[in-house]
Every structure is written in structure tokens, then in C-alpha cells.
Amino acid sequence: PSHILRPIVENAFKHGMQAGGHLDITITSRKENGHLEITVRNSLNNMPDTSRKGEGLTLTELRLQKHYDSKAVFERKAKPDHYEAKLKLPAKGNK
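Every chain is numbered independently, its residues counted from 1 as its sequence is written. This being a predicted model, a pLDDT of at least 70 is required before a residue's local features are given, and a value of 80 or more before pairs of side-chain atoms are given or counted; all residues contribute to the totals for chains, interfaces and linings. To obtain the side-chain values, all non-hydrogen atoms of the structure were included, while hydrogens and water were left out.

### Quick word on the overall build of the protein chain
Move 1: Per the secondary structure count, the protein chain includes two helices and four strands.
Move 2: Burial status follows relative accessibility: with a 1.4 Å probe on protein chains alone, a residue under 20% of its type maximum counts as buried, one over 50% as exposed, and anything between as partly exposed. Residues counted as buried form 29% of the 95 residues belonging to the protein chain.
Move 3: Across the protein chain, contacts joining residues at least 24 apart in sequence account for 58% of those joining residues at least 6 apart.
Move 4: For the protein chain, the accessible surface area stands at approximately 6400 Å², while carbon and sulfur atoms represent 49% of it. Every helix listed is a DSSP run of H or I at least four residues long, and every strand listed is a run of E at least two residues long, numbered separately from the N terminus. Throughout, a contact is declared for two residues whenever any of their heavy atoms are within 4.5 Å. Note that accessible areas follow from Shrake-Rupley with a 1.4 Å probe, and for residues the cover is restricted to the protein chains shown.

### Focus: the nonpolar core
Move 1: For our purposes a nonpolar core is just a set of buried Ala, Val, Leu, Ile, Met, Phe, Trp, Tyr and Cys residues, chained together by side-chain atoms within 4.5 Å. Ranked by size, the top nonpolar core spans 16 residues in total, and within it Ile 8, Leu 64, Phe 74, Leu 87 and Leu 89 carry the most contacts.
Move 2: Elements with a contribution of two residues or more to this core: helix 1 (6-17), strand 2 (35-43), helix 2 (55-68) and strand 4 (82-90).
Move 3: Ranked by residues supplied to this core, first place goes to strand 4 with four residues.
Move 4: In this structure Leu 89 touches Gly 34, His 35, Leu 36, Ile 38, Leu 64, Tyr 68 and Ala 72, once residues within four positions along its chain are discounted.

### Quick notes on the environment of Leu 44
Move 1: Mapped onto the elements of the fold, Leu 44 is located in the loop between strand 2 and helix 2.
Move 2: Overall, the relative accessible area of 6% leaves Leu 44 in the buried class.
Move 3: Put simply, Leu 44 and Lys 79 are 35 residues apart on the chain and 8.3 Å apart in space, counted from C-alpha to C-alpha.

### Some points on the sheet that holds strand 2
Move 1: Strand pairing is defined by DSSP finding a minimum of two bridges between the two strands. Pairing within the open sheet is antiparallel, and its four strands lie in the order 1-2-4-3. Only two strands of the sheet have a single neighbouring strand rather than two, namely strand 1 (25-32) and strand 3 (73-78). Across this sheet, the average inter-strand angle for adjacent strands is 15°, counted without regard to direction.
Move 2: Direction of pairing for strand 2 relative to strand 4: antiparallel, over a ladder of nine bridges. Opposite Glu 37, over in strand 4, you have Lys 88 as the bridge partner.
Move 3: Throughout, an axis means a line fitted to C-alpha atoms (over the contacting stretch in the case of helices), and angles, computed between N-to-C directions, take values from 0 to 180 degrees. Each of strand 1, strand 2, strand 3 and strand 4 touches helix 1; the most contacted strand, strand 2, lies at about 15° to it.
Move 4: The sheet contacts of helix 2 involve strand 3 and strand 4, and relative to strand 3 the element is tilted by about 155°.

### Section: the confidence of the model for the protein chain
Move 1: You can read pLDDT as the predictor saying how much it trusts each residue, on a scale of 0 to 100. When pLDDT is averaged along the protein chain, the result is 85; 84% of the residues meet or exceed 70.
Move 2: Within the protein chain, the lowest mean pLDDT, 85, falls on helix 1, and the highest, 95, falls on strand 1.

Okay, structure coming up:
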């Protein structure tokens, strides 16, 4: 879906800039096992509060559900030095 990466990249900037002025963002994509995998990774100095989701991530999940039913996966992981958001989308069409 169009603009599906926008809230993910906005979060990478927002939370990554809290890392003390230096920000590294990496966006990668690859095809694997009939899926398109897109990963957005940003630097961190402090672990974010992952107990709640903001509006952007909630809307991203809803859009994925609308376009792909349960065929899309949206994973997020916080590690001590970086945060990673990964989308796995069916490579051919939607529903």
C-alpha cells in the first residue's frame, strides 16, 4: 500500500534523534520465500517504551490487515543499540 513506510520512518527519526544528536537509519529490502521483506533500523541510546503503540503503528497494522488479511507480518524489536521494524508482505498482489 502507498505510504506504508512513512510512519515507520517517521518513528525512526523521532526516536533515533533522542539518541543524542547522532542518527543512523538503514532501510533494506529483499525478496525471500514469496515475500517482500522491508526492514527499517535506527540507532538508539535509550530503550523505548514498547508497552504501547502510537497512532502511526496502529494505523500501519490496520492498513496491512485491510490489504493483505493475515498474509502480512509487522514485527518490531528494540535492542540495546538499535530499533528494528520489519514488514513481510506477499510479493504477488494482495488478498
